Amino acid sequence: MSDNASGLLTIGLLLSLLAIAYVPLGDYMARTYEDSKHWRVEQWIYRLIGVNSGAQQSPKAYAISVVSFSIVSIIVLMSILMAQSLLPLDRGMQGMGLAMAFNTAVSFVANTNWQSYGGESTLGFTAQMAGLTVQNFLSAAVGMAVAVALIRGFVRSKPNTLRNFWFDLTRGTIRILLPIAFVGALLLISGGVIQNFADTSMQTLTAGKQVLPGGPVASQEVIKVLGTNGGGFFNANSAHPFENPNGFTNLLQIFLILLIPVALTRTLGTMLGNRRQGLAILGAMTGLWASILAIVTTAEVRSMSVAAQVAGGSMEGKETRLGEWATALFATATTGTSTGAVNASHDSMTPLGGGAVLANMMLGEVAPGGVGSGLYGILVVAILTVFIAGLMVGRTPEFLGKKIS
């Protein structure tokens, strides 16, 4: 099979999987955030943190809860990173310095996941699991909670009925992220992503020895992509064969990156009681995403730069086990969701392909955007558009039945 045929089939399979998951997952998330019955583990969590899960919050109180939780998360994560040499499974690593720990904590709490360190050479297993992996779950859950609170603001007439941030945070983590991540991690392991607590000593071709770091990679990898986080276990991220061994795991990671941002548009329509609104938002996201994908793929596959043409292909900075089509698809998905995961070096892409990827970042992650942030980002764009259009035609602007002043 030619590379072009394989690439087109991969894109078709990805879109088919997203279409299959769209309705059931979108409706399930809507039920999750509206259901008044609590699981026992959720009740334990509410008692532990001392909150009334049934209490209603105003927008101001909801925002204060988000900020307060984020500040506490930064402090806790900094403590784990700086004290990792005192923790079990530290792999002999020293604790991070104050500046790097602060940089890393803010980055992971904000779902940015910028990394100024090499994961395998800086962090022990406990810091990776109890620090970064946990925060990958929580930062994604916060983004989903904010998106759901915004939807409730459109649905409900009274201002103090946004429900409760702690309710939304717990529901998103326990009922949505954890179950999907569990299944996704098993699939990644079956595809060759490692999950262990041991390093491997290998003999090189020159009869020397090299130690290949191992670790609990699959459990962190799955939430890295599912939560549109991007913080990789290894410095090379999803270009590392232990994180992303083959075409199957590459496609699975792209699917997980796009899964919740796409399905949240169905959640929007279901909670609003008007599913056409969700489809309209999805259509706008899809149009932007498909346009960028077409440009990036064409540029990378056709080797449009002079250097790439001389070399016979634009494979510099890309993994030969994945190829140009898979690289272009991954790059479009990860930049369109502000995920930060990469399976190739973006600065090695062709001028046009790299420019399109950069433009995708500059769109403000609305194609389809990150977990939660994509939905409320594009809703803000829609509100601004309606407001400006209303001013131009001299009518009171309204969006989803709410007057915009």
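Residues numbered from 1 in each chain as written. Predicted model: local features only at pLDDT ≥ 70, side-chain atom pairs only at ≥ 80, totals over all residues. Heavy atoms only, no water.

Student: Outline the side chain of Ser 139, listing residues and values.
Tutor: For Ser 139, the location among the structural elements is in helix H6 (residues 125-155). For Ser 139, a relative accessible area of 6% translates into the label buried. Here the side chain of Ser 139 touches Asn 111 through a polar contact of 3.0 Å, side chain to side chain. Leave out the neighbours within four places in its chain, and Ser 139 touches Phe 108, Val 109, Asn 111 and Asn 229. (Helix = DSSP H or I, 4+ residues; strand = E, 2+ residues; numbered from the N terminus. Buried < 20%, exposed > 50% of the residue type's maximum accessible area, 1.4 Å probe, protein only. Polar contact = N/O pair within 3.5 Å; in protein donor to acceptor, adjacent residues only side chain to side chain. Contact = heavy atoms within 4.5 Å.)

Student: Residue-level account of the packing of aromatic side chains, with values.
Tutor: By the definition in use, this model includes eight aromatic pairs. Note on Phe 125 and Phe 197: the rings are 5.8 Å apart at their centroids and 70° apart in plane angle, and the pair reads as edge-to-face. Here Phe 125 is found in helix H6, whereas its partner Phe 197 is found in the loop between helix H7 (165-190) and strand S1 (200-203), with 72 residues between them in sequence. Using a relative accessible area of 48% as the deciding quantity, one classes Phe 197 as partly exposed. Grouped by ring-pair contacts, the aromatic residues Tyr 62, Phe 69, Phe 165 and Trp 166 constitute a single cluster. For the cation-ring pair, Arg 163 lies above Phe 167, with the distance from its terminal atom to the ring centre recorded as 4.1 Å. (Phe/Tyr/Trp six-rings, centres within 6.5 Å; stacked < 30°, edge-to-face > 60°. Lys NZ or Arg CZ within 6 Å of the ring centre and 35° of its normal.)

Student: Can you lay out the environment of Arg 321 for me, pointing to particular residues and giving the numbers?
Tutor: When you line up the elements, Arg 321 lands in the loop between helix H11 (306-311) and helix H12 (323-336). Given a relative accessible area of 28%, Arg 321 falls into the partly exposed group. Each C-alpha atom, one on Arg 321 and one on Ala 239, is 9.8 Å from the other, the two residues being 82 residues apart in sequence. Those residues in contact with Arg 321, other than ones at most four positions away along the chain, are Ser 238, Ala 239, His 240, Pro 241, Asn 244, Pro 245 and Asn 246. Side-chain polar atoms of Arg 321 contact the backbone oxygen of Ala 239, separated by 3.0 Å.

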